[in-house]
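Fold and contact review
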Amino acid sequence: MKIRPYLTFDGQCNEAIELYKRAFNTDTLECMLFGQMPPIPGFEVPEEYKVRVLQATMKFGDDFIRLSDCGYAPGFKLNEQESERISLAVETGVDEIKHAFNILSEEGHVGIPLEETFYSPCAGVVFDKFGVMWNLVANK
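**Some thoughts on the environment of L33**
With respect to the helices and strands, L33 occurs in strand β2 (residues 28-33). The class of L33 is partly exposed, set by a relative accessible area of 24%. Through-space distance from the C-alpha of L33 to that of K50 is 6.3 Å; in sequence the pair is 17 residues apart. Contacts of L33, omitting those with residues within four sequence positions, involve N14, K50, V51, R52, V53 and L54.

Written as structure tokens, this is what we have:
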């Protein structure tokens, strides 16, 4: 069994992908738009949704995360109040942690500034501009 983080956005997934590419020096392994879906009888994707991300996969070291824009379904809405219940923890070197922290905090906000702790030479928490909480910890 594997558990994979799956981040959901409401039309900003492409923008999030670009932010995470810069912050973590990574790239997408795949990215499919709603407009690239095969036709489904009785289901028509509205024109404005065709450029939204159906599913993307980004590599993070030996792991990966999946990302998507809010699926098109009448009445479906993201509950933004839920976003702080889960954080993504990234463990890597000090330089990579500082780089990611600086990029993610550009239009986001700092929860805990980067600092040396009893468990890490450099750790902190940042919320990116989409409300995703990143718990960044440098390896000892």
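**Structural notes on unusual backbone geometry**
Of note in this structure, N25 is not a glycine but carries a positive phi near 45°. Mapped onto the elements, N25 comes out in the loop between α1 (13-24) and β2.

**Section: the state of the cysteines**
Scanning the model with the defined rule gives zero disulfides in all. Lacking any disulfide linkage, C13 is separated from the closest cysteine sulfur, that of C31, by 6.6 Å. Classification of C13 by relative accessible area gives buried; the value is 0%.

**Re the environment of D27**
By the element assignment, D27 lies in the loop between α1 and β2. Look at D27 and you get partly exposed, because its relative accessible area is 43%. The spatial distance from the C-alpha of D27 to the C-alpha of T57 is 8.7 Å, given a sequence separation of 30 residues. With residues up to four places along the chain from it excluded, the contact list for D27 reads K21, T57, M58 and K59. In this structure the side chain of D27 is engaged in a polar contact, spanning 3.3 Å, whose partner is the side chain of K21.

**Observations concerning the packing of aromatic side chains**
Summed over all chains, the structure comprises seven aromatic pairs. Between F24 and W134 the ring centres are 4.9 Å apart and the planes differ by 40°, which places this aromatic pair in the tilted class. Of the two residues, F24 is situated in helix α1 and W134 in strand β8 (residues 133-138); the sequence distance between them amounts to 110 residues. With relative accessibility at 16%, the residue F24 sits in the buried group. The class of W134 is buried, set by a relative accessible area of 1%.

**Considering the side chain of S120**
For S120, the position within the fold is in the loop between β6 (109-115) and β7 (123-127). Only 3.0 Å separates the side chain of S120 from the backbone oxygen of C122, close enough to count as a polar contact. At a separation of 2.8 Å, a polar atom in the side chain of S120 contacts the main-chain carbonyl oxygen of A138. Setting aside its immediate chain neighbours within four residues, S120 contacts E115, V137, A138 and K140.

**Points about the side chain of T26**
With respect to the helices, strands and loops of the structure, T26 is situated in the loop between α1 and β2. Using a relative accessible area of 16% as the deciding quantity, one classes T26 as buried. Setting aside residues up to four positions removed in sequence, T26 forms contacts with Y20, K21, M58, K59 and F60.

**With respect to the sheet that holds strand β1 (residues 6-9)**
The pairing of strands in a sheet happens through backbone hydrogen bonds and is either parallel or antiparallel. In space, the four strands of this open sheet follow the order β1-β4-β3-β2, with mixed pairing throughout. Edge positions in the sheet fall to β1 and β2, since each has one partner strand and no second. Neighbour-to-neighbour, the strand axes of the sheet open up by a mean angle of 15°, direction not taken into account. Bridge count between β1 and strand β4 (residues 63-69): four bridges; the pairing is parallel. What sits directly across from T8, in β4, is S68. Docked against the sheet, α1 engages β1, β2, β3 (53-60) and β4, running at close to 5° with respect to β3.

Conventions used here
Residues numbered from 1 in each chain as written. Predicted model: local features only at pLDDT ≥ 70, side-chain atom pairs only at ≥ 80, totals over all residues. Heavy atoms only, no water. Helix = DSSP H or I, 4+ residues; strand = E, 2+ residues; numbered from the N terminus. Buried < 20%, exposed > 50% of the residue type's maximum accessible area, 1.4 Å probe, protein only. Contact = heavy atoms within 4.5 Å. Disulfide = S-S within 2.5 Å. Polar contact = N/O pair within 3.5 Å; in protein donor to acceptor, adjacent residues only side chain to side chain. Phe/Tyr/Trp six-rings, centres within 6.5 Å; stacked < 30°, edge-to-face > 60°. Pairing = 2+ DSSP bridges. Axes fitted to C-alpha atoms, helices over the stretch in contact; angles between N-to-C directions.

Such coordinate-based values are descriptive only and should not be taken to indicate function.
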